[in-house]
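Each chain, letter by letter, is given below.
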Amino acid sequence: MSFRKRNIGLSPGVDRTAVPNAATQPAAPETPGIRPSPDDGRPTTSTGTRSLDNLLAGHAGLPMGKLLLVEENGTTDFAGALLRYYAAEGVIQEQKIHVVGVPEQWGRSLPGLIGSAESLDEKRSDRRKDDRMKIAWRYERLGEFGAGVAGSRDAPATPGAQDPATKEAPAFCHAFDLTKRLTHPSITNMTFIPITPSKESPFLPILKRLQTAISSSPASIIHRIVIPSLLNPTMYPPDACQPEHVLQFFHALKALMSANTTRVTAMITFSLSLYPRSSGLVRWIELLSDGVIELCPFPHSADATATSGAATSQEEPPQGMLKTHRLPVLHERGGGSDQNVGQDWAFILSRRRFEIKPFSLPPAEGDTEAQDASAAGGMPKKSDLEF
Amino acid sequence: MPSQPPLPPLLAPYVTLLPESSLTLASSILGATSNWLVLRFLHAALSSPSLNPAFGADETQTGIKKKVVLVSFLRSFDFWKTEAKRLGLDLGRLAEKQQFAFIDGLSELFYAPDASTPNTSPAGLGSSPRTTLPLRSPPGVMPGRGPPPAAAPPRGNISVTRAQAEPGIAKKLHFTGRGLAALDLIEKNIIAVIEQQKSSVEEIDELVLILDQPDLLLAATGPTMGIGATEIAEWVTGLQQHAHATVLTLATDAPLIHNASVSAGQPATPIETEHATFAIGLAHRARSVMQLRTLETGAAKDVSGVLRISRGGGWSAGEEESWEEKEVLYFIQRDGGVSVFGRGES
């Protein structure tokens, strides 16, 4: 059973509200921001980044109860942008956000809302329509190849036959503008858990607060745990990176999330420049996470337009590579059968979106020179003679 | 897509015949987890030969009857239950029939939430009168309802306050204190469950103990808390003595194994040296080693990874010659089925 084949069969006929009934996920339709996975019906929520949602092993979202670890090389903060989208999406969906280790300014710098992710895509495709080669109508419905992750399942549902029910359905994922600031009534719904020095593990008070917050809230409240730059020495005490502290924290966090498996998701960012992947501690952190993705920004993305893989001059050049080391649910089962695994991904962060797309090298541009030279029959060109 | 048999034929001889006091090591890495293999071990031991497992396996099955105690440090019971259901195993019902016991090393190992206190009262009520009854549930009982009779402790001297809080979970492990004392407590708790499983039905003669990633215990404690590779290895030995056969899974990612060697260039951290010592020591003791890894050539659409089955250091020379070492590919389908095939086949 190929993934794409089923995708076609599923998308036009079945609207989103009908799926939960079939999959017997009674809680899913009522809660905004939660929808059943097209893969196996488990509830998922959006990471606030549509192309990241689509990357997650066919679930089109982060499955509830799962922890996503975003690692980043270098001194850039692309992972921080992903984390802000994740938090902002939670604010829009009126979920409860728990931010660990950073002051409240972090919460004030969340990106501003533009609209639903679908609306942004429609606008973009409108803009593109004029200068794009016309392709057959039936293929156009399949979505933009290359523009998003291959498993993008929302594209087919957008145009054409939509019944009013889906039209009214609240958006699952939103688009945000990094240059604006988020204003939303439920932005006060964020709690900031400071790191307090303690005699034993510095993570113990954090766990306690998370535990009480989650167990004392009503069952309808969805929680997001946001941990920016874990183990960053400017925020965490030196003994935090002792294995017995940080690994016990991850284990307990995993326990907490599996105890409330339908209500909690978490995203953690982590700098690989401080803690390289080749160390045993980091490997254990990864083993304890449900999903692990790694961002490798290109060193000079500002002037790399010519060389770093933009297929046409209109596309923005990618700013880095993205590697998926482990995907939620898929790898827990044993892994492997997803088409997104093992691909080379590139990411582009622009003002309005974080886009992940397949990485491909452009035709080498230096070759034109060589072709010219060979066409001229080996004669030295004028430019070569002048100094 | 043809549906796969729950137990692929190529794999079957390696997961079914576990000789007495043998240790089978299943090693995994980040991109190739061992959960599916553990499920195959579960299936090999627990599935009844009769077509319909709903009708008493006790009567139809003659000969050796197997039981399993699964100790999982990284996965919740929910995960195992749902995944086993895909293979046609109802762990909840099997737990009621005392064929299976789950020991939860995840939820309260390092940090026990206070919120579970209300659960203790029904557990305390339920435990004492049930100990004497040789219970076998009627076949019609729905799984996962009510307190499980399977989980009643035979002896009262071990603290099992919230043991029966959730159906199907025989015990939740706690790590309290430090060093050997903490390990001993965990060992005692696991042995209590094993002994109670053994005592429940007379004709039982094989109990398979599956330890799922006990290396977490080592990683998350370490020498600063008085636990090193030697202590954990002894702890495993102590548990092995109470089981017919033991299956143990652990992580063997490259940083955890190779950083400890002298040639690695950089000084190894304790977590790396201890883990390497533990893993290599176990491989020398194990009868067979099943090693899971991803393809060296990158990901493929129809291959999940490579399974290498080899004899471990504990292989006794007198054993049957038909058991051959093998390297095969495996592929996990979306529905949970696994196909195992040689290179070049499909």
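The name given to chain B in an unreviewed UniProt entry is Elongator complex protein 6, with Penicillium antarcticum as the source organism. What UniProt states about chain B under its Pathway (unreviewed entry) heading is, verbatim, "tRNA modification; 5-methoxycarbonylmethyl-2-thiouridine-tRNA biosynthesis." Taken from UniProt, the Sequence similarities (unreviewed entry) comment for chain B reads in full: "Belongs to the ELP6 family."

As annotated in an unreviewed UniProt entry, chain A carries the name Elongator complex protein 4 and is attributed to Penicillium antarcticum. As recorded by UniProt, the Sequence similarities (unreviewed entry) comment attached to chain A reads in full: "Belongs to the ELP4 family." Per UniProt, the comment on chain A under Pathway (unreviewed entry) is "tRNA modification; 5-methoxycarbonylmethyl-2-thiouridine-tRNA biosynthesis."

1. Some remarks on the overall build of chain A
A count of helical and extended segments in chain A gives 14 helices and 14 strands. A total of 387 residues make up chain A; the buried ones form 45% of that total. By sequence separation, contacts in chain A at least 24 residues apart represent 73% of the contacts at least 6 residues apart.

2. Some remarks on the sheet that holds strand β1 (residues 34-36) of chain A
Here three strands make up an open sheet; going across it, the order is β1-β2-β3 (chain A) and the pairing antiparallel. For this open sheet the edge positions go to β1 and β3 (62-63) of chain A, each flanked by a neighbour on one side alone.

3. Comments concerning the interface of chain A and chain B
Facing 37 residues of chain A, the contacting portion of chain B comprises 46 residues. In terms of residues, the side of chain A that touches chain B owes the most to one element, helix α10 (residues 243-259) of chain A, which gives 10 residues.

4. Focus: the sheet that holds strand β14 (residues 354-358) of chain A
Residue and element names in this part refer to chain A. Taken in spatial order, the nine strands line up as β8-β5-β9-β10-β4-β11-β12-β13-β14 in an open sheet, and their pairing is mixed. A strand with exactly one partner marks an edge of an open sheet, and here the two such strands are β8 (190-193) and β14. For this sheet the average axis-to-axis angle between neighbouring strands, irrespective of direction, equals 25°. Pairing of strand β11 (residues 291-297) with strand β12 (residues 320-326) involves six bridges; the strand directions are antiparallel. Residue pairing across strands places Cys296 opposite Met321, the latter belonging to β12.

5. Some thoughts on helix α4 (residues 77-86) of chain B
Listing the buried residues of α4 of chain B in full gives Phe77, Trp80, Glu83 and Ala84 of chain B. In a view along the axis of α4 of chain B, the buried residues occupy a sector of 140°, so they form one face of it. Elements that come into contact with the buried residues of α4 of chain B comprise α12 (330-333) of chain A together with α2 (35-46), β2 (66-72), α5 (91-96), β3 (100-104) and β4 (169-172) of chain B. Phi turns positive, to about 85°, at Gly88 of chain B, one or two residues after α4 of chain B.

6. Remarks on unusual backbone geometry
Residue and element names in this part refer to chain B. Despite not being glycine, Ser21 has its phi angle at roughly 50°, a positive value. Considering the arrangement of structural elements, one finds Ser21 in the loop between α1 (12-16) and β1 (22-28). Although it is not a glycine, Gln213 sits at a positive phi angle of roughly 55°. For Gln213, the position within the fold is in the loop between β5 (206-212) and α8 (215-219).

7. Side note on the confidence of the model for chain B
Residue and element names in this part refer to chain B. Taken residue by residue, chain B gives an average pLDDT of 78. The fraction at 70 or more is 76%. The low-confidence segment residues 50-62, where pLDDT is below 50, has 14 contacts with residues more than four positions distant or belonging to other chains. Scoring of the predicted complex yields 0.79 for pTM and 0.81 for ipTM.

8. Some details on helix α4 (residues 78-92) of chain A
All names here are of chain A. Under the 1.5 Å per step criterion, the end-to-end length of α4 is 21 Å for 15 residues, consistent within 8% with the ideal 21 Å. Counting buried positions along α4 yields 14 of 15 residues, so the element is predominantly enclosed. With its phi angle positive at about 60°, Glu94 sits one or two positions after the end of α4.

The rules behind each value
- Residues numbered from 1 in each chain as written.
- Chains lettered and ligands numbered in written order.
- Predicted model: local features only at pLDDT ≥ 70, side-chain atom pairs only at ≥ 80, totals over all residues.
- UniProt positions renumbered as here; feature names shortened; annotations may be inferred.
- Helix = DSSP H or I, 4+ residues; strand = E, 2+ residues; numbered from the N terminus.
- Buried ≥ 20, exposed ≤ 12 C-beta atoms within 10 Å, placed from the backbone.
- Contact = placed C-beta atoms within 7 Å.
- Pairing = 2+ DSSP bridges.
- Axes fitted to C-alpha atoms, helices over the stretch in contact; angles between N-to-C directions.
- Arc of directions from axis to C-beta.
- pLDDT = per-residue confidence, 0-100.
- Expected span 1.5 Å × (residues − 1).

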